[in-house]
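Survey of secondary and tertiary structure
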Amino acid sequence: MSLSLLNYARVAGSGRWALGVMAGNSRAYHQKVIDHYENPRNVGSLSKEDPDVGTGLVGAPACGDVMKLQIRVDKEGNIVESKFKTFGCGSAIASSSLATEMVKGMNVNDAVKIKNAEIASELKLPPVKLHCSMLAEDAIKAAVKNLEEKRAKSDLNEAEAEAEATTA
Amino acid sequence: MSSLRALCNRSRIVPWSVKRRWLSEIAGDEDYFTLLGARYGFSVDEDQLYQEHKKLMKSWHPDRFADDAKAQERALSMASMINSAYSTLCKPHLRARYILEVEGIPLKEDEDAPVDDMEFLGFVMSVREALENEPKERDLEDLKSQINELSNESVQQAEAALSQIKSDPEMKEVVRKQASKLQYLHRISEEIHKLTQVT
């Protein structure tokens, strides 16, 4: 969406409604958001305890939304599977649904570089819903961080066990 | 004067002298607590709030000023404000959110979460997931009381932190954390309410 259109939306006050009018569509949600809402991809859970699963759990305190995004990663750090569960508005659900689609096949080092602006522009989110895409970005980062912490912990446990074995 | 007011209540005719006193009684820029005569804090006497709202609306209902357009306009804005105040203060999570605004530490949508209480978020997530799986009525009742208990706890902790907020600025974070907890808990209550309505 062009910058001038966005400015118009902000000036008009109710960003979402004005954008709808400009786009010639009186609905509050863009078709892409509705699509993710009605046909969500990758809804579900992975086993939290699995050593190759990272779980990102984030919340939006202003509205009480919660979002869980999980990734299963192979030894090279490539995301082979991703699931999400989100309780919140359509934009939040769509953002996390899209996020799971985006990260599949990515290496974790690339996944953490995903910016909320990419998600927002793909879904054509109006300004009032930009924070939903931010939540999804945070969820991806949290999932990767969780996996790193898990792996660091298990490496530490392995190292300690080895040390004990050698001293014994 | 009380008999005059009683006469007014019955007949809807309000003498200008009485009206003038009413119009001057509310400045129009009070905070919601002052407006409804409630003690500033996370817990309020909800019955007293209801009675005060009822009393104020009796005085300020625009219909009572039907014969004076200017006074009616003012009454309309007063009545709106009184209604906004009441609908905000009668719900704990909205009350909490309002207090954060008054204290200058509002919950904003585009801000990072005040405190990442992972245990609490995990709890909220698992509860909301469980609610999707057609819980039994008894389980819903148990959950309802558990959520009420947690909400009361948060209200008390927020209240305690608020009382120290001037002497200890770090209490601001505690207040925000407890107020955000109330927002999450309210969403759960809403879901439970929806589920119990269907049956």
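About the criteria used
Residues numbered from 1 in each chain as written. Chains lettered and ligands numbered in written order. Predicted model: local features only at pLDDT ≥ 70, side-chain atom pairs only at ≥ 80, totals over all residues. Heavy atoms only, no water. Helix = DSSP H or I, 4+ residues; strand = E, 2+ residues; numbered from the N terminus. Buried < 20%, exposed > 50% of the residue type's maximum accessible area, 1.4 Å probe, protein only. Contact = heavy atoms within 4.5 Å. Disulfide = S-S within 2.5 Å. Salt bridge = Lys/Arg side-chain N within 4 Å of Asp/Glu carboxyl O. Buried area = accessible area lost by both parts, 1.4 Å probe. Polar contact = N/O pair within 3.5 Å; in protein donor to acceptor, adjacent residues only side chain to side chain. Pairing = 2+ DSSP bridges. Axes fitted to C-alpha atoms, helices over the stretch in contact; angles between N-to-C directions. Parallel < 35°, antiparallel > 145°, perpendicular 65-115°, else oblique. Nonpolar A, V, L, I, M, F, W, Y, C, P; charged D, E, K, R; others polar. UniProt positions renumbered as here; feature names shortened; annotations may be inferred. Core = buried A, V, L, I, M, F, W, Y, C linked by side-chain atoms within 4.5 Å. Domains from an automatic or database assignment.

With respect to the overall build of chain B
On a plain count of helices and strands, chain B comes out with 9 helices and 0 strands. Along chain B, helices (α) and strands (β) appear in the sequence α-α-α-α-α-α-α-α-α when read from the amino end. Evaluated residue by residue, chain B yields a buried proportion of 39% over its 199 residues. Relative to all contacts within chain B whose residues are 6 or more apart in sequence, the contacts with residues 24 or more apart total 70%.

Overview of the state of the cysteines
Covalently bonding the sulfur atom of one cysteine to the sulfur atom of another cysteine gives a disulfide. Per the stated rule, a full pass over the model turns up 0 disulfides over all chains. The closest cysteine sulfur to the non-disulfide-bonded A:Cys63 is located on A:Cys132, 6.7 Å from its own sulfur.

Focus: the pattern of salt bridges
If charged atoms from side chains of opposite charge come close, those side chains can pair. Under the counting rule described, the total for this entry stands at 19 salt bridges over all chains. Across the salt bridge formed by B:Arg187 and A:Asp65, the nearest N and O atoms sit 2.7 Å from each other. Highlighted residues: B:Arg187 in helix α9 (residues 171–198) and A:Asp65 in strand β2 (residues 65–73), drawn from two different chains. Assessed through its relative accessible area of 17%, B:Arg187 is described here as buried.

Description of the interface of chain A and chain B
The interface is formed by 18 residues belonging to chain A together with 20 residues belonging to chain B. Buried surface at the junction of chain A and chain B, both sides included, amounts to about 1700 Å², of which 63% is carbon and sulfur. Between the two partners, chain A and chain B, sit 3 salt bridges. Summed over the shared surface of chain A and chain B, the number is 6 residue pairs in polar contact (both at pLDDT 80 or more).

Quick word on the sheet that holds strand β1 (residues 53–60) of chain A
Residues and elements named next belong to chain A. What the 3 strands build is an open sheet, ordered β1-β2-β3; its pairing is antiparallel. Looking at the sheet topology across the chains shown, the edges are occupied by β1 and β3 (79–87). Direction aside, neighbouring strands of the sheet carry axes that sit 15° apart on average. Relative to β3, β2 is paired through 8 bridges, and the arrangement is antiparallel. Each residue of the ladder has a partner; that of Val66, found in β3, is Phe87.

A word on the side chain of B:Ser154
Secondary-structure assignment places B:Ser154 in helix α8 (residues 137–163). In this structure B:Ser154 touches B:Gln178, B:Lys181 and B:Leu182, once residues within four positions along its chain are discounted.

Let's talk about the pairing of β1(A)
Residue and element names in this part refer to chain A. β1 sits mainly inside the fold: 8 of its 8 residues count as buried. With 8 bridges joining them, β1 and β2 adopt antiparallel strand pairing. When the sheet's bridge partners are listed, Val53 is paired in β2 with Arg72. If you look at the hairpin formed by β1 and β2, you'll find 4 residues sitting between the two strands, and Gly64 has a positive phi there, around 75°.

Details of the packing of helix α4 (residues 46–60) of chain B against helix α5 (residues 69–89) of chain B
Residues and elements named next belong to chain B. Put simply, α4 and α5 touch, their axes get as near as 10 Å, and they point 170° apart. One way to sum up the angle between α4 and α5 is to call them roughly antiparallel. Between α4, through Leu49, Tyr50, His53, Leu56, Met57 and Trp60, and α5, the contact on the second element is made entirely by Ala75, Met78, Ala79, Ile82, Asn83, Tyr86 and Leu89. When its residues are assigned to classes, the contact of α4 with α5 shows 11 nonpolar, 2 polar and no charged.

Some details on the UniProt feature "coiled-coil region" (unreviewed entry) in chain B
Per the UniProt record, "coiled-coil region" (unreviewed entry) is annotated on residues 133–160 of chain B. Along residues 133–160 of chain B, the helical share is 86% and the strand share 0%, with 37 Å between the first and last C-alpha atoms.

Overview of the nonpolar core
One broad rule of soluble globular proteins: the nonpolar side chains tend to lie buried together. By size, the foremost hydrophobic cluster in this structure holds 37 residues, and its most contacted members are B:Phe33, B:Leu36, B:Phe42, B:Leu49, B:Ile82, B:Leu89 and B:Val175. Taken together, the elements giving at least two residues each to this core come down to α3 (32–35), α4, α5, α6 (92–102), α8 and α9 of chain B. No other element matches the 9 residues that α5(B) contributes to this core. If you count residues domain by domain, this core takes at least three from each of domain 1 (2–90) and domain 2 (107–198) of chain B. Membership of the second largest hydrophobic core comes to 30 residues, among which are A:Met67, A:Leu69, A:Ala94 and A:Ala111.

Some details on the environment of A:Ser133
Residue and element names in this part refer to chain A. Locating Ser133 in the fold gives a position in helix α7 (residues 130–167). Residues within four places of Ser133 in sequence aside, it is in contact with Ser95, Asn116, Ile119, Ala120 and Leu125. Within the local environment of Ser133, its side chain forms a polar contact with the backbone oxygen of Asn116, the two atoms lying 3.5 Å apart.

Considerations on the environment of B:Lys166
Residue and element names in this part refer to chain B. By the element assignment, Lys166 lies in the loop between α8 and α9. With a relative accessible area of 81%, Lys166 lands in the exposed category. Counting along the chain gives 89 residues from Lys166 to Ser77, while the straight-line C-alpha distance between them is 33 Å.

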